[in-house]
Amino acid sequence: MAASAAAPRIVIENCSIATVDADDTEYASGHIVVAGNRIESIGPGSAPEDLENVVRRVDGTGHLATPGLVNTHHHFYQWITRGLATDHNLFDWLVALYPTWARIDEQMVHSAAQGSLAMMARGGVTTAMDHHYVFPKGSGDLSGAIIRAASEMGVRFTLARGSMDRSEKDGGLPPDFAVETLEGALAATEETIDKHHDASFDAMTQIAVAPCSPFSVSTELLRQGAELARRKGVRLHTHGSETVEEEQFCHELFGMGPTRYFESTGWLGEDVWMAHCVHMNDSDIEAFARTKTGVAHCPSSNARLAAGIARVPDMLKAGVPVGLGVDGTASNESGELHTELRNALLINRLNPVHREAALNARQALRLGTYGGAQVLGRAAQIGSLEPGKLADLVLWKLDTLAHASIADPVTALVLGAAAPVTLSLVGGEPVVENGRLLKADEDAIARSTRDEAQRLARIAAQA
């Protein structure tokens, strides 16, 4: 639906523009007109002079405008357990941290979500997601706390309501006291969908069904979770093919690799996206491409946990939808998505098969914008700058010492230092200006997350 003629307009002019549309249209100097919560027009040169109801004009000289970044995988609660278990592989890291994570409560989770969201939003993220799967008994309304934090920050948000029901006694990794029952997990997930999911075009909050991983959930939770998601018309998310150890686990327990196991439980399809997908062979990639199953590529976290290098160039060539993810900040302490553009490009070039041809700067930008929108099922609304789409966009400052000598603005953004955000809009509403959050107090969040991290550490030490 187009914006009405009476909608207030914001005009951004004199900036470079990378639309990330299907043709990768770019303008060396152009304009964007935002009317209400939609992009009304975009093109070269100045905006039309006879526009009515213009409430703000922004001179974008020295800037690059892009779609807002879209994060496709995260664990917000981990903000208060950063810097721990720094020299571990995935399984050892999980075993080391599960006992602490199983002591989180609603206040801790809200504070951690604020920290995670603030770090992403100030770095150009306009759509965030959180995969939350730890629900200790008596811990309060954790899903509500996370959703409240996203609403307070003003960003578009998908909560992947996670779950675990396979504990140590069943051959899984989580401690017995850290998991839910099958029935309890499914009921709580359905309740979260009914209470919070918005299927509308301009939705600010959506819910996905997200059992945690093959090594922490039962086969029945995966099967019934998929049935629940499709009955409710929401998306599905989980971890897949992250490490060699996971591959071995699946073969030992299920007699097949992760991709075949997921397919046997209904977990391949255009409504599914999986985090990591590092250890994928040709048949795995073909299965993802055939079913349009999406991937959340998390290059920094994969490196931090020594998981390996995902075959992103091969996935893209095959037609697999791929977006970028920060992952939890216990395995990517920076908590930033804009730095993942650079890391995705650099790490994929270390693959000896593709080397310098693995990814270029524009492909990396597409992963962080349109690719993310694809895997979240929102490519019709966000992910590119086009008339009629939601006005989620970022104006990056590229005329300072850090970038001014790089002629190509997209290269400057992706390969240069992290660029400052002069303006970030979500649905036409400013969320960041001149590098500062408009709807949250960064200093207060820093104090709160420090205090909650210390409280969690004390509780875990006494357990």
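An unreviewed UniProt entry lists the protein under the name Cytosine/adenosine deaminase, with Streptomyces wuyuanensis given as the organism.

### Here we look at the UniProt feature "domain: Amidohydrolase-related" (unreviewed entry) in the protein
Here the UniProt feature "domain: Amidohydrolase-related" (unreviewed entry) sits at residues 65-403. Secondary structure across residues 65-403 comprises 40% helix and 15% strand; the distance between its end C-alpha atoms is 15 Å.

### Considering helix 6 (residues 244-254)
If you check which residues of helix 6 are buried, you get Glu246, Phe249, Cys250 and Phe254. Along helix 6, the residues classed as buried sweep out an arc of 95 degrees about the axis, all on the same side. Next to the buried residues of helix 6 lie helix 1 (90-101), helix 5 (219-232), strand 10 (235-240) and helix 7 (258-264). Just beyond helix 6, the residue with positive phi is glycine 255, at close to 75 degrees.

### Notes on the domain arrangement of the protein
A common measure of how large an interface is: the accessible area buried when the components associate. The domains assigned to the protein are domain 1 (9-67 + 382-435) and domain 2 (69-376). Here the C-alpha centre of domain 2 lies 29 Å away from the C-alpha centre of domain 1. Facing the 37 residues of domain 1 at the interface are 29 residues of domain 2. Summed over both partners, the interface of domain 1 with domain 2 buries about 2400 Å², with 64% contributed by carbon and sulfur atoms. At the boundary of domain 1 with domain 2, the tally comes to four salt bridges. The shortest N-O distance in the salt bridge between aspartate 408 and arginine 362 comes to 2.7 Å. Scanning the region where domain 1 abuts domain 2 turns up eight residue pairs in polar contact (both at pLDDT 80 or more). Broken down by secondary-structure element, the contributors of at least two residues to the side of domain 1 that touches domain 2 are strand 5 (63-67), strand 14 (393-397), helix 13 (409-415), strand 15 (421-426) and strand 16 (429-433). Examining the composition of the side of domain 1 that touches domain 2, we find that five residues originate from one element, helix 13, more than from any other. Here the side of domain 1 that touches domain 2 is built from residues that sort into 20 nonpolar, 10 polar and seven charged.

### Let's talk about the packing of helix 2 (residues 106-121) against helix 3 (residues 142-153)
One can describe the packing of helix 2 onto helix 3 by two numbers: an axis separation of 8 Å at closest approach and a directional angle of 35 degrees. Crossing of helix 2 over helix 3 shows right-handed handedness. Across the interface between the two elements, Glu106, Val109, His110, Ala113, Gln114, Leu117, Ala118 and Ala121 of helix 2 pack against Leu142, Ala145, Ile146, Arg148, Ala149, Ala150, Glu152 and Met153 of helix 3. Here the residues of the contact of helix 2 with helix 3 sort into 11 nonpolar, two polar and three charged.

### Focus on the side chain of glutamate 13
Of note, glutamate 13 is situated in strand 1 (residues 9-18). Discounting chain neighbours no more than four positions away, the residues touching glutamate 13 are Gly30, His31, Ser46, Ala47, Arg57, Val58, Asp59, Gly60 and Thr61.

### Quick word on the sheet that holds strand 7 (residues 125-132)
Spatial ordering of the open sheet is given by 6-7-8-9-10-11-12-13, a layout of eight strands whose pairing is parallel. Every other strand in the sheet has two partners, leaving strand 6 (69-70) and strand 13 (322-324) as the edge strands with one partner each.

### Some thoughts on the pairing of strand 15
The element strand 15 is largely enclosed, with a buried count of six among its six residues. Note that strand 14 and strand 15 share four bridges and pair antiparallel. By the bridge assignment, leucine 395 is partnered in strand 15 with leucine 423. Here four bridges tie strand 15 to strand 16, and the two strands are oriented antiparallel to one another. When the bridges of strand 16 are listed, valine 426 appears paired with glutamate 429. The turn linking strand 15 back onto strand 16 is made up of two residues, and glycine 427 within it adopts a positive phi angle of 55 degrees.

### What about helix 1?
Of all the positions in helix 1, only Leu90, Phe91, Trp93, Leu94, Leu97, Tyr98, Thr100 and Trp101 are classed as buried. One side of helix 1 holds all its buried residues, which, seen down the axis, span an arc of 165 degrees. Taking the backbone nitrogen of phenylalanine 91 as reference, a side-chain oxygen 3.3 Å away marks asparagine 89 as the first, capping residue of helix 1.

### Side note on the environment of cysteine 212
In this fold, cysteine 212 is placed in the loop between strand 9 (205-211) and helix 5. Judged by its relative accessible area of 4%, cysteine 212 is buried. Taking the C-alpha atoms as reference points, cysteine 212 and leucine 222, separated by 10 residues in sequence, lie 9.2 Å from one another. Once residues within four sequence positions are removed from consideration, cysteine 212 is found in contact with His131, Tyr133, Ser163, Met164, Val217, Thr238 and His239.

### With respect to the packing of aromatic side chains
This structure, assessed with the given rule, holds 10 aromatic pairs. A centroid spacing of 5.8 Å and a plane angle of 25 degrees characterise the contact between phenylalanine 76 and phenylalanine 157, whose relative ring orientation is stacked. Taken as a pair, phenylalanine 76 in the loop between strand 6 and helix 1 and phenylalanine 157 in strand 8 (residues 156-163) lie far apart in primary sequence, 81 residues in all. The residues phenylalanine 76 and phenylalanine 157 share a single accessibility class, namely buried. Taking 5.3 Å as the distance between ring centres and 90 degrees as the angle between the ring planes, the aromatic pair formed by tyrosine 77 and tryptophan 101 counts as edge-to-face. Taken together, the residues tyrosine 77 in the loop between strand 6 and helix 1 and tryptophan 101 in helix 1 connect sequence positions 24 residues apart. Across the pair, exposure class does not vary: tyrosine 77 and tryptophan 101 are buried alike. Seen from the ring of tryptophan 79, arginine 82 lies directly overhead, with NZ or CZ sitting 3.7 Å from the centre. Across the ring face of phenylalanine 135, the terminal group of arginine 161 is positioned such that the distance to the ring centre comes to 3.6 Å.

Rules behind the numbers
- Residues numbered from 1 in each chain as written.
- Predicted model: local features only at pLDDT ≥ 70, side-chain atom pairs only at ≥ 80, totals over all residues.
- Heavy atoms only, no water.
- UniProt positions renumbered as here; feature names shortened; annotations may be inferred.
- Helix = DSSP H or I, 4+ residues; strand = E, 2+ residues; numbered from the N terminus.
- Buried < 20%, exposed > 50% of the residue type's maximum accessible area, 1.4 Å probe, protein only.
- Arc of directions from axis to C-beta.
- Contact = heavy atoms within 4.5 Å.
- Domains from an automatic or database assignment.
- Buried area = accessible area lost by both parts, 1.4 Å probe.
- Salt bridge = Lys/Arg side-chain N within 4 Å of Asp/Glu carboxyl O.
- Polar contact = N/O pair within 3.5 Å; in protein donor to acceptor, adjacent residues only side chain to side chain.
- Nonpolar A, V, L, I, M, F, W, Y, C, P; charged D, E, K, R; others polar.
- Axes fitted to C-alpha atoms, helices over the stretch in contact; angles between N-to-C directions.
- Left-handed = near helix turned anticlockwise from the far one by under 90°.
- Pairing = 2+ DSSP bridges.
- Phe/Tyr/Trp six-rings, centres within 6.5 Å; stacked < 30°, edge-to-face > 60°.
- Lys NZ or Arg CZ within 6 Å of the ring centre and 35° of its normal.

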